[in-house]
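# Geometric and topological summary
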Amino acid sequence: MATLSTSIADEILALKQERNAVILAHHYQDSEIQELADVIGDSLELARKAKELDCEIIAFCGVWFMAETAKALNPTRTVIVPDQDAGCSLVDSCPVEMVRAFKRKYPDHAVVSYINTSIEVKAESDIICTSSNAVKIVNSIPADKPILFLPDINLGNYVKKETGRTNMRIWQGACIVHTTFAARKVTEARIAHPEAMVVAHPECPGDVLLQAEFIGSTSALIKYCVESERNSFIVMTESGVQHSLRKYAPHKQFYFVTNENCNCSECPYMKKNSLEKLRDCLQSVSPRVELSPELMERARLPIERMLAVK
Ligand code: 13P
Ligand code: SF4
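Residues numbered from 1 in each chain as written. Chains lettered and ligands numbered in written order. Predicted model: local features only at pLDDT ≥ 70, side-chain atom pairs only at ≥ 80, totals over all residues. Heavy atoms only, no water.

Looking now at the site of ligand 1. Lining the immediate environment of ligand 1, one finds His-26, Tyr-28, Asp-42, Ser-43, Tyr-114, Asn-116, Ser-131, His-178, His-201, Glu-203, Ser-217 and Thr-218. A distance of 2.9 Å is found between an oxygen atom of ligand 1 and a side-chain nitrogen or oxygen belonging to His-201. Protein burial of ligand 1: of its 300 Å² of free accessible surface, 96% is covered by the chains. (Near = heavy atom within 4 Å. Polar contact = N/O pair within 3.5 Å; in protein donor to acceptor, adjacent residues only side chain to side chain. Areas by Shrake-Rupley, 256 points an atom, 1.4 Å probe, with all protein chains shown as cover.)

Take a look at the structure:
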């Protein structure tokens, strides 16, 4: 039991040891969670890491679909998430019944699903992709095979443009954080900081991406900014990436453009997790991701297909 002088961070570290747990954190988590994490990464890196862990418990500080992916890849581990309601607007925009209806109508299409989907949608998919490998995954499918890309309309349009693929239908889902970045605000930021380079996540709308000199996943954006010879960046993604940017490039300038519908660029789902909830979930070993073996097996296949693409 914690004493008043014990900080929450100390309690988490003690529980982690007691429970033989590993803490995985996405770049969009609060800094204090990232500070305590064993591994910080983007969705692909965290999926790869989750697959190889041999601890008792994976405490997944991210959103629910990421934890489901971890569970499907490493089913004998207990996977917990600090807040069960850490969802994702992309998952919500793609109900599995609609995917099944599409497949009945267009059985010839290969279903390429972004990792930001429910485990049920993954189980209906031919292959999964993330923001770091979507172009490569689509290019791995024979050119004459029609594709349904789901659920992110902005990522889909970006991939379509990069691959030159014409036989690709794109779902109409969107990320509430990235899709509400306005091109006008990026232009204003460029006028205010003419020396800065624009870097963007591919979930941003096309007119934002048009102004970007580098487009990539969260980890790719961080790596690019840290390693670049440039010193000043307008960063078009969730503001949690500041943690690594400031840590690994403390002398550089980073400007974050706010969303149209709020005065921040934070994902409300990612931010549901907190240090207190992480402590509590390690204490109670819940909420847990519980999935049927059959569903995990069906979902694992398209995820493993993605991991096999070099
Ligand atoms: P990454 O693949 O860059 O981790 O993106 C996941 C995500 O949810 C972006 O909003
Ligand atoms: Fe989903 Fe967007 Fe949040 Fe990523 S930032 S978890 S895509 S709502």
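Attention now goes to the site of ligand 2. Near ligand 2, the surroundings consist of Tyr-28, Val-63, Cys-88, Ser-89, Leu-90, Asn-116, Cys-175, Val-177, Glu-203, Cys-267 and Tyr-269. Counted by class, the shell around ligand 2 contains eight nonpolar, two polar and one charged residues. (Nonpolar A, V, L, I, M, F, W, Y, C, P; charged D, E, K, R; others polar.)

This part is about the side chain of Thr-218. Within the secondary structure, Thr-218 sits in helix α12 (residues 218–227). Since its relative accessible area comes to 2%, Thr-218 is described here as buried. Residues in contact with Thr-218, not counting those within four places in the same chain, are His-26, His-27, Tyr-28, Asp-42, His-201, Thr-237 and Val-241. (Helix = DSSP H or I, 4+ residues; strand = E, 2+ residues; numbered from the N terminus. Buried < 20%, exposed > 50% of the residue type's maximum accessible area, 1.4 Å probe, protein only. Contact = heavy atoms within 4.5 Å.)

Strand order across the open sheet formed by four strands is β2-β1-β3-β4, with parallel pairing between neighbours. Of all strands in the sheet, those bounded by a partner on one side alone are β2 (39–41) and β4 (78–80). Ignoring which end each strand starts from, the neighbouring axes of this sheet average 20° apart. The pairing of strand β1 (residues 21–26) with β2 spans three bridges and is classified as parallel. Looking across to β2, one finds that Leu-24 is bridged to Val-39. Of the strands in this sheet, β1, β2 and β3 (57–61) touch helix α3 (residues 43–52), which is tilted by about 145° from β2. (Pairing = 2+ DSSP bridges. Axes fitted to C-alpha atoms, helices over the stretch in contact; angles between N-to-C directions.)

Another aspect to go through is α3. Among all positions of α3, only Ser-43, Leu-44, Leu-46, Ala-47 and Ala-50 are buried. Buried residues of α3 fall within an arc of 165° about the axis and therefore sit on the same side. Structurally, α3 contributes buried residues whose contacts are with β1, β2, β3, α4 (64–73) and α15 (293–308). With a side-chain oxygen lying 3.2 Å from the backbone nitrogen of Leu-44, the N-terminal cap of α3 falls on Asp-42. (Arc of directions from axis to C-beta.)

Let's shift gears to unusual backbone geometry. At the junction of Leu-150 and Pro-151, the peptide bond is cis and its omega measures out at -5° in the coordinates. Residue position: Pro-151 is located in the loop between β7 (147–150) and α9 (153–163). The phi angle at Asn-20 is positive, at roughly 55°, despite the residue not being glycine. Along the chain, Asn-20 falls in the loop between α1 (8–19) and β1.

With respect to the helices, strands and loops of the structure, Glu-290 is situated in the loop between α14 (275–284) and α15. C-alpha of Glu-290 to C-alpha of Ser-244: the two residues are 46 residues apart in sequence and 32 Å apart in space.

What follows concerns the pattern of salt bridges. In the structure shown here, the tally under the stated rule is 17 salt bridges. Between Lys-51 and Glu-304 there is a salt bridge; the shortest N-O distance is 3.0 Å. Of this pair, Lys-51 sits in helix α3 while Glu-304 is found in helix α15, placing the two residues 253 residues apart along the sequence. Classification of Glu-304 by relative accessible area gives partly exposed; the value is 26%. Linking Lys-277 and Asp-83 is a salt bridge whose minimum nitrogen-to-oxygen distance equals 2.7 Å. Here Asp-83 lies in the loop between β4 and α5 (89–92) and Lys-277 lies in helix α14, a separation of 194 residues in the sequence. Overall, the relative accessible area of 31% leaves Lys-277 in the partly exposed class. Each of Arg-100, Lys-103, Glu-124, Glu-294 and Arg-298 takes part in one network of salt bridges that share partners. (Salt bridge = Lys/Arg side-chain N within 4 Å of Asp/Glu carboxyl O.)

For the rest of this paragraph, the subject is the nonpolar core. Phe-60, Val-112, Phe-149 and Met-236 are the most contacted members of the largest nonpolar core, which totals 84 residues. Among the elements that make up this core, the one with the highest residue count is α4 (seven residues). Not counting residues within four places of it along the chain, the set of residues in contact with Met-236 comprises His-178, Phe-181, Val-186, Val-198, Val-199, Ala-200, His-201, Cys-204, Val-208 and Val-257. Ranked by size, the runner-up nonpolar core spans 17 residues in total, among them Ala-21, Ala-59, Cys-61 and Ile-80. (Core = buried A, V, L, I, M, F, W, Y, C linked by side-chain atoms within 4.5 Å.)

Take the packing of aromatic side chains next. Enumeration according to the criterion identifies three aromatic pairs in this entry. Ring geometry for Phe-102 versus Tyr-106: centroids 4.7 Å apart, planes at 40°, classification tilted. You can call Phe-102 buried: its relative accessible area is 12%. Look at Tyr-106 and you get partly exposed, because its relative accessible area is 22%. When the ring of Phe-233 is compared with that of Phe-254, the centres are 5.7 Å apart and the planes differ by 15°; the resulting orientation is stacked. (Phe/Tyr/Trp six-rings, centres within 6.5 Å; stacked < 30°, edge-to-face > 60°.)

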